[in-house]
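Secondary and tertiary structure notes
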Amino acid sequence: MREFRERLAVDYRAAAISRLRHIPLRLFVVGSLCLAVLVRPGLSFLPAWALAYLLVQLAEHWALKVFLASRHPARQVWLNLVVDLAMAGVFGWLAVPLWATGTPAGAAGAVLLLVGSVFTALMCAEGCVIAFLFGVAPHIGYLFAAPLVAGPRQDPLLPYFAIGAGLFCVAVSMTFLWSQRAMEAERKARRAAEAQMSARSALIAMVSHELRTPINAIVNGAAALEGGSEADRSAAALIADAGLMMRAQLNDLLDLSKIEAGRMGVEVVDHDLRALISNSVRFWRNTARAKGLRLTLRGAQAGPQWVRGDPMRVRQVLNNLLSNAIKFTAEGEVTVAVIAFMQEGRRFVSIEVCDTGPGLTEAQIARLFSPYEQLSLGTARAFGGTGLGLAISRDLARLMGGDLTAAEGHGAGACFKLVLPAPEGTPPPDVDTAEAAALARPSRPMSVLVVDDHDINRRTLARMLEAFGAEVETAEDALTALAVCQAQRFDAILMDVRMPGMDGLEASRRLREAGANRETPIIAVTGGASREEIAACLDAGMTRWVEKPVNPRDLYTALFATEAAERALIEAE
């Protein structure tokens, strides 16, 4: 019986959502019927019926809310079915007094009322057989009973009416069975598509994790060559540019897979929007100057400064718009205009990026934000890219509560408008002690354990750490790391999150249980930097995190800020 209730609760959920959405329509119907009292005062039964219906409607609304919010909906489902039955009984009762008016219009109105109610119940059932039966049964009962109770005693056409009502029931049953099969096929197709999407996202995440290892080595190896000869510096720049391009395309694929799977999230933190926009424009100014373009910023200082939102995603969208504008503009200028405005009591900011390039046609604008879509084959050949940037940017803008649109430029070129909510933010304290401590080199060499299953990653991280003056030990898996940590205490541990066998999360939990490194800062080294993944690292006992490919500055800040915090704690004790 318990399994039956749980299965019924799952099947009934779609019906509950549908019934909740139909409440305004039913209230409109009841209100319209009550207006008939003003036209024909003889329908005195309508106000009492409407009051009874409203009471039952309130009960249904409460029952549906409780059912949809309950952690154990199987316990509530029978209450909802009883309320559905009562709803149908009260609503369908109106057919009896309507038929009793003794007029053809009254009898026709009663039939129309019941037939409409039957089809409404069929739609609201959403393929759930029991929800359909509980919602339809009272109306079918009234359909057969109304002419017997309220009609003439000796009606020679009554048998024919009963035959017609029976055929109507057969037609409704066949319609329900057809709709049930169609809905079940649709749900199976949706589940298959979701499973396929989940599998694809998992594949992309895995490939992303694996590709970050060689990219990490490429980028940091190129950085190591920059201090050599002119030829070495030229080769290093080429390698670094290729590595950064690979990382950008990989991040685009990963972002798209998260958006399509519904797992992309945005942060809401206080940040300086003016500085963000100014720094982004300053970053691209040399690139624009190299092409002979002017890159101007207007209105930034008049716009809001401290706002709440996701600065990383805003910067990602703005960088993509500036990159495209400079890429597709051969001569002239690129202009960034910032405008703040109020709408429905909320503050918004509009960031327009306009260029003097070839512009966009209406057909191009219509397909501009489709994934993998580029303006033409010539565009792909001339400029490269995956065609994901604008699609991801618009999805990110909408996730942040705004939008990204495109239009023809003012006179020439193209113009992209990013509109985002800009609620008031709070500026940070004047001095960031953690960052200040991070920028101070430690007085003694740190001992660091690097745990990673890839030899390339271990060598790359060891090289970076040794450049900081650290003493480095390495472990190729979590079990080896646990054994090393039993014999030696480290100042910090760099822990890869995804490893075969025992992963970095479980290894961190075990380190926190006991041993010499119970209090040692553990820095997660991960290819996934979503909020859920970072929360999982922190819950496992990790202290901070750096994202692959590892940036030396990020590693330095994470490492020495952690060490400074630990030293301050020891001194306080």
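Residues numbered from 1 in each chain as written. Predicted model: local features only at pLDDT ≥ 70, side-chain atom pairs only at ≥ 80, totals over all residues. Heavy atoms only, no water.

**Regarding the overall build of the protein chain**
Of regular secondary structure, the protein chain possesses 20 helices and twelve strands. Within the protein chain, the proportion of its 573 residues that are buried is 42%. Looking at the protein chain alone, contacts between residues at least 24 apart form 70% of all its contacts between residues at least 6 apart. Carbon together with sulfur atoms contributes 60% to the accessible area of the protein chain, which is approximately 30,000 Å² in total. (Helix = DSSP H or I, 4+ residues; strand = E, 2+ residues; numbered from the N terminus. Buried < 20%, exposed > 50% of the residue type's maximum accessible area, 1.4 Å probe, protein only. Contact = heavy atoms within 4.5 Å. Areas by Shrake-Rupley, 256 points an atom, 1.4 Å probe, with all protein chains shown as cover.)

**Structural notes on unusual backbone geometry**
Even without glycine at this site, Glu-126 takes up a positive phi of about 50 degrees. Secondary-structure assignment places Glu-126 in the loop between helix 6 (104-125) and helix 7 (129-150). Notably, Glu-344 is not glycine yet its phi reads approximately 55 degrees, a positive angle. Here Glu-344 shows up in the loop between strand 4 (333-343) and strand 5 (346-355).

**Section: the packing of aromatic side chains**
Throughout the structure, instances matching the rule amount to eleven aromatic pairs. Look at Tyr-12 and Phe-67: their rings are 5.3 Å apart centre to centre, the planes differ by 85 degrees, and that puts the pair in the edge-to-face class. Linking Tyr-12 in helix 1 (residues 2-34) with Phe-67 in helix 3 (residues 45-69), this pair joins segments that are 55 residues apart in sequence. For the pair shown, Tyr-12 and Phe-67 are each scored as buried. Both rings, one in Phe-132 and one in Phe-176, keep their centres 4.2 Å apart while their planes meet at 10 degrees; by these two values the pair is stacked. (Phe/Tyr/Trp six-rings, centres within 6.5 Å; stacked < 30°, edge-to-face > 60°.)

**Regarding the environment of Gly-31**
Of note, Gly-31 is situated in helix 1. Each C-alpha atom of the pair Gly-31 and Pro-47 lies 9.9 Å from the other, and the pair is 16 residues apart in sequence.

**Quick notes on the sheet that holds strand 8 (residues 447-451)**
A sheet is described by the order of its strands in space; here five strands give the open sequence 9-8-10-11-12, paired in parallel fashion. Two strands bound the open sheet, and with one partner strand each, they are strand 9 (471-475) and strand 12 (544-547). The average angle at which neighbouring strand axes cross in this sheet is 20 degrees, direction not considered. Pairing between strand 8 and strand 9: five bridges, direction parallel. (Pairing = 2+ DSSP bridges. Axes fitted to C-alpha atoms, helices over the stretch in contact; angles between N-to-C directions.)

**Structural notes on a nonpolar patch on the surface**
Taken together, the side chains of Leu-157, Tyr-160, Ile-163 and Leu-167 present a nonpolar region at the surface, about 490 Å² in accessible area. Along the chain, Leu-167 falls in helix 8 (residues 158-225). (Patch = residues over 30% accessible without salt bridge, like charges linked within 9 Å, V, L, I, M, F, W, Y side chains within 5 Å. Salt bridge = Lys/Arg side-chain N within 4 Å of Asp/Glu carboxyl O.)

**A look at the packing of helix 6 against helix 7**
At a minimum axis distance of 8 Å, the contact between helix 6 and helix 7 shows a crossing angle of 175 degrees. If you check the angle between helix 6 and helix 7, you find them roughly antiparallel. Each of Leu-114, Ser-117, Val-118, Ala-121, Leu-122 and Ala-125 in helix 6 lies in contact with helix 7, whose residues at this interface are Ala-131, Phe-132, Gly-135, Val-136, His-139, Ile-140, Tyr-142 and Leu-143. By residue class, the composition of the contact of helix 6 with helix 7 is eleven nonpolar, three polar and no charged. (Parallel < 35°, antiparallel > 145°, perpendicular 65-115°, else oblique. Nonpolar A, V, L, I, M, F, W, Y, C, P; charged D, E, K, R; others polar.)

**With respect to the state of the cysteines**
The full count for this structure, using the stated rule, is one disulfide. Disulfide partner of Cys-354: Cys-415, at an S-S distance of 2.2 Å. Taken together, the positions of Cys-354 in strand 5 and Cys-415 in strand 7 (residues 414-421) put the pair 61 residues apart, joining distant regions of the chain. Neither residue differs from the other here; Cys-354 and Cys-415 are each classed as buried. (Disulfide = S-S within 2.5 Å.)

**Here's the deal with the confidence of the model for the protein chain**
In the predicted model, the protein chain carries a mean pLDDT of 80, and 77% of its residues have values of at least 70. The least confident element of the protein chain is helix 13 (residues 377-383), whose mean pLDDT is 41; the most confident is strand 10 (residues 492-496), at 92. Segment residues 375-386 is flagged for pLDDT under 50; beyond a separation of four residues in sequence, or across chains, it makes 16 contacts in the model. In this model, residues 431-441 is a region of pLDDT below 50 whose contacts with residues beyond four sequence positions or in other chains number 14 contacts. (pLDDT = per-residue confidence, 0-100.)

**With respect to the pairing of strand 5**
The element strand 5 is extensively covered by neighbouring structure, given that eight of its ten residues are classed as buried. Of the pairings in the sheet, the one linking strand 4 to strand 5 comprises ten bridges and is antiparallel in character. Along strand 5, the bridge assignment pairs Ile-339 with Ser-350. Hairpin remark: strand 4 followed by strand 5, antiparallel, with two residues in the connecting loop; positive phi at Glu-344, about 55 degrees. In this structure, strand 5 lies alongside strand 7, joined through seven bridges in antiparallel fashion. By the bridge assignment, Val-349 is partnered in strand 7 with Leu-420.

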